[in-house]
Amino acid sequence: MYEKIPAGFFTAFDRQNSLLYNADDYEERKLSDLQGCFVAEEIRHQMALQENKTVYRVYKKTAPLVAGELLQAVTVLFPGTVNGEFFMTRGHYHIHPKCAEIFFCLGGRGLLLLQKGNETKWVEMKPDVIAYIPAGWGHRTVNTSLAGPLVFIAFWPAVAGQNYQRRLKEPFGKRVFQADRSYVIGDGD
Ligand code: PAN
Ligand code: ZN
């Protein structure tokens, strides 16, 4: 289908299989990887010991980790809850303080939570929304629909790096719970 384009120079969103064609790195996060993310930590732990569902998958296209290069990844965040709190990504801050990021929503429904100090903002994610994450803001996505996965592609500088510890001292200020057919945003930690 894409044989005339050199493989290093393009990717494609494979809508049918919900993955990044030509990706060269893959990550799968299960409930057992999400320690400390949900209010109901003990329930998450029990769920991880039993079914240990996959919460999300990330298909990434690598590039040299030097200034000027860009990375891209498709995240597929599955539907589900831990005791009524919607499935989410771990969330992180970029190590490099001057690295922003862009998320382009490809499918599903969700929220992008943004955190800086005590300030929390959020963006509703639905197909075709392009969310901008300014440099310095922590970011986490939440799938607010049990009907299907939230799928988005992210683009960010290769030198950004990801810090998963900082959310422990600078936590996301909002949590997202199931409510009837929709969601409610509650206070975080
Ligand atoms: C995204 C995220 C992806 C998974 O590609 O890495 O959605 O979330 P966690 O990294 O928080 O587990 C991104 O923000 N890259 O920088
Ligand atoms: Zn990021």
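Look up: the structure comes first, before these words.
Anyway, here's the lowdown on the structure attached to this text. Just so it is clear, the structure is predicted and the values come from calculations on it, not from any experiment. (Residues numbered from 1 in each chain as written. Chains lettered and ligands numbered in written order. Predicted model: local features only at pLDDT ≥ 70, side-chain atom pairs only at ≥ 80, totals over all residues.)

## Considering the overall build of the protein chain
Link 1 in the chain: Across its full length, the protein chain holds two helices and 17 strands.
Link 2 in the chain: For the protein chain, the C-alpha radius of gyration of 16 Å lies close to 16 Å, the compact-globule estimate for 189 residues.
Link 3 in the chain: Overall, the C-alpha framework of the protein chain stretches about 50 × 35 × 30 Å when taken along its three principal axes.
Link 4 in the chain: The buried share of the protein chain, taken over its 189 residues, is 32%.
Link 5 in the chain: Contacts in the protein chain between residues far apart in sequence, at least 24 positions, make up 67% of those at least 6 positions apart. (Helix = DSSP H or I, 4+ residues; strand = E, 2+ residues; numbered from the N terminus. Rg over C-alpha atoms; globule rule 2.2 N^0.38 Å. Buried ≥ 20, exposed ≤ 12 C-beta atoms within 10 Å, placed from the backbone. Contact = placed C-beta atoms within 7 Å.)

## Let's talk about the sheet that holds strand E9 (residues 101–107)
Link 1 in the chain: Spatially, the six strands line up as an open sheet ordered E3-E4-E5-E14-E9-E12, and their pairing is antiparallel. If you trace the sheet from one side to the other, it starts and ends with strand E3 (25–30) and strand E12 (130–133), each paired once. Pairs of neighbouring strands in the sheet enclose a mean axial angle of 20°, with direction left out of account.
Link 2 in the chain: Sheet topology note: the E9/strand E14 (residues 150–157) ladder contains five bridges and is antiparallel. Bridging from a neighbouring strand, Phe 104 pairs with Ile 153 of E14. (Pairing = 2+ DSSP bridges. Axes fitted to C-alpha atoms, helices over the stretch in contact; angles between N-to-C directions.)

## A closer look at unusual backbone geometry
Link 1 in the chain: For Asn 22, which is not a glycine, the phi torsion comes out positive at approximately 75°.
Link 2 in the chain: If you trace the backbone, Asn 22 turns up in the loop between strand E2 (19–21) and E3.
Link 3 in the chain: Phi angles above zero are rare outside glycine, and Asn 52 is one such case at about 45°.
Link 4 in the chain: Structurally, Asn 52 can be placed in the loop between helix H1 (41–50) and strand E4 (54–61).

## Concerning the sheet that holds strand E13 (residues 138–143)
The strands making up a sheet associate through hydrogen bonds between their backbones, and the pairing can be parallel or antiparallel.
Link 1 in the chain: Across the sheet, which stays open at both edges, the three strands sit in the order E11-E10-E13 with antiparallel pairing between neighbours. Each edge of the open sheet carries a strand with a single partner, namely strand E11 (119–125) and E13. In this sheet, adjacent strand axes meet at a mean angle of 20° when their direction is disregarded.
Link 2 in the chain: Two elements, strand E10 (residues 110–116) and E11, share seven bridges in a ladder whose sense is antiparallel. Bridging from a neighbouring strand, Leu 112 pairs with Val 123 of E11.

## Considerations on the site of ligand 1
Link 1 in the chain: Around ligand 1 sit 13 residues, and of these Ala 73, Thr 75, Thr 89, Arg 90 and Ala 154 come closest.
Link 2 in the chain: When contributions to the shell around ligand 1 are tallied by element, the ones reaching two or more residues are strand E5 (70–77), E13 and E14.
Link 3 in the chain: In terms of residue class, the shell around ligand 1 is built from four nonpolar, seven polar and two charged. (Near = placed C-beta within 6 Å. Nonpolar A, V, L, I, M, F, W, Y, C, P; charged D, E, K, R; others polar.)

## Side note on the pairing of E5
Link 1 in the chain: As defined by bridge partners, E4 adjoins E5 across six bridges and the pair is classed as antiparallel. By the bridge assignment for E5, Lys 60 is matched with Ala 73.
Link 2 in the chain: Pairing geometry for E5 and E14, over eight bridges, is antiparallel. Across the sheet, Val 74 pairs through a bridge with Ile 153, a residue of E14.

## Comments concerning the nonpolar core
Link 1 in the chain: In this structure, Leu 112, Met 125 and Phe 152 are the most contacted members of the largest nonpolar core, which totals 34 residues.
Link 2 in the chain: The residues touching Leu 112, leaving out its near neighbours within four places in the chain, are Phe 103, Trp 122, Val 123, Met 125, Ala 131, His 139 and Thr 141. (Core = buried A, V, L, I, M, F, W, Y, C linked by C-beta atoms within 7 Å.)

## Looking at the environment of Gly 117
Link 1 in the chain: With respect to the helices, strands and loops of the structure, Gly 117 is situated in the loop between E10 and E11.
Link 2 in the chain: Its 10 C-beta neighbours within 10 Å are what place Gly 117 among the exposed residues.
Link 3 in the chain: In sequence terms Gly 117 and Gly 138 are 21 residues apart; their C-alpha atoms lie 9.2 Å from each other.

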